[in-house]
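If you want the building blocks of each chain, they are given just below.
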Amino acid sequence: MKMLNIALPKGRLGEKAYGMFECAGYPCPSIKENNRKLIFENEAAGVRYFWVKPSDVAIYVERGAADLGIVGKDILLEYAPDVYELLDLGMGKCRMAVAAKKSFHDDRRRALIVATKFTNIASRYYAQQGRDIDIIHLNGSIELAPILSLSDVIVDIVETGTTLKENDLEEKETIVPISARLIANKSSYKFQNEAIGHIVKSMAQQLEEQA
Ligand code: PRP
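Residues numbered from 1 in each chain as written. Predicted model: local features only at pLDDT ≥ 70, side-chain atom pairs only at ≥ 80, totals over all residues. Heavy atoms only, no water.

1. With respect to the pattern of salt bridges
Item 1. This structure, assessed with the given rule, holds eleven salt bridges.
Item 2. In this structure, Arg109 engages Asp107 in a salt bridge whose closest nitrogen and oxygen atoms are separated by 3.0 Å.
Item 3. With a relative accessible area of 78%, Arg109 lands in the exposed category.
Item 4. Note that Glu170 is salt-bridged to Lys172, the shortest N-O span being 2.9 Å.
Item 5. One salt-bridge network, in which partners are shared between bridges, spans Lys73, Glu85, Asp88 and Arg181. (Salt bridge = Lys/Arg side-chain N within 4 Å of Asp/Glu carboxyl O. Buried < 20%, exposed > 50% of the residue type's maximum accessible area, 1.4 Å probe, protein only.)

Here you go:
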């Protein structure tokens, strides 16, 4: 039997997703040991899990280092990896939004300065609106940009809204809802169809039972 390789995003979302794989018949108890190891294997169950930086999961799956992975829809929209999106897990729910200082008013006569980690999502969104923008790519702490007048607005993930609130920013527009997705490598999907199909079915059932 071929081992199934599963890339989990490091953190709470990954731990929750692991629980769903476990329920689907792919347990790996050693994963719960509190250490710095990145790979955990249960040979008897035919599964190997690895903890990956959330934004890297799709790369492992696209290139076949992982057969399956759990990734945010934000990453799928931003990088459009060549993978199959199999299931919306309904967890890790948040949204991609435009935020700015409360006092901000758009002057459409000039380009809007947008700071974001998600340049493709932002560019596409404003292109659809025919709005001319000047984009600034940042790697984190995006909320600083409008406060320091580096940008007019930001395009970023909003979950509870606390980060915006605590930095005196306000959500102006919602771009798209985001949640965690189960993705598969395209060739694994073909050649390990039985195992993957079983997992998808079980996870869909688990979600139904939760609802
Ligand atoms: C994300 C996002 C916001 C924050 C939103 O950052 O970029 O800063 O979460 O969450 P909230 O609405 O519940 O406050 P993350 O913690 O993922 O770190 P990052 O700055 O590296 O993106």
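Having put the structure on the table, let's press on.
2. Here we look at the site of the ligand
Item 1. Around the ligand, the surrounding shell consists of Lys117, Ser141, Glu143, Asp156, Ile157, Val158, Glu159, Thr160, Gly161, Thr162 and Thr163.
Item 2. Between the ligand and the protein, one listed contact pairs an oxygen atom with a side-chain N or O atom of Thr160 at 2.5 Å.
Item 3. For the ligand, the protein covers 62% of the area, taking 500 Å² as the surface of the free molecule.
Item 4. At the level of secondary structure, the elements contributing two or more residues to the shell around the ligand comprise strand 9 (153-158) and helix 6 (162-166).
Item 5. Tallied by class, the residues present in the shell around the ligand amount to two nonpolar, five polar and four charged. (Near = heavy atom within 4 Å. Polar contact = N/O pair within 3.5 Å; in protein donor to acceptor, adjacent residues only side chain to side chain. Areas by Shrake-Rupley, 256 points an atom, 1.4 Å probe, with all protein chains shown as cover. Helix = DSSP H or I, 4+ residues; strand = E, 2+ residues; numbered from the N terminus. Nonpolar A, V, L, I, M, F, W, Y, C, P; charged D, E, K, R; others polar.)

3. What to know about the layout of surface pockets
Item 1. Of the pockets and cavities examined, the largest pocket occupies roughly 740 Å³.
Item 2. Around the largest pocket, the lining is made up of 26 residues, and of these Leu13, Pro54, Asp74, Cys94 and Ile157 lie nearest the centre.
Item 3. Mapped by element, the contributors of at least two residues to the lining of the largest pocket are helix 1 (12-23), strand 4 (68-72) and helix 3 (73-79).
Item 4. Here the residues of the lining of the largest pocket are counted per class, giving twelve nonpolar, six polar and eight charged.
Item 5. Space inside the second largest pocket adds up to approximately 340 Å³. (1 Å grid on protein atoms, 1.4 Å probe; cavity = no way out; pocket = protein on both sides within 12 Å on 5 of 7 lines; lining within 4 Å. Points joined across faces, edges and corners; volume = space filled by probe spheres on them.)

4. Topic: the sheet that holds strand 2 (residues 39-42)
Item 1. Taken together, the six strands give an open sheet; going across it, the order is 2-3-1-4-11-5, and neighbouring strands pair in mixed fashion. Here the strands that pair on one side only, and so sit at the sheet edges, are strand 2 and strand 5 (84-88). Within this sheet the neighbouring strands show an average axis-to-axis angle of 25°, counted without direction.
Item 2. Direction of pairing for strand 5 relative to strand 11 (residues 180-184): antiparallel, over a ladder of four bridges. Within the sheet, the bridge partner assigned to Glu85 lies in strand 11 and is Ile183.
Item 3. Sheet contacts for helix 1: strand 1 (4-9), strand 3 (47-52), strand 4 and strand 11; angle to strand 1, the most-contacted strand, approximately 150°.
Item 4. Packed onto the sheet, helix 8 (residues 193-210) meets strand 1, strand 4, strand 5 and strand 11 and runs at close to 25° relative to strand 5. (Pairing = 2+ DSSP bridges. Axes fitted to C-alpha atoms, helices over the stretch in contact; angles between N-to-C directions. Contact = heavy atoms within 4.5 Å.)

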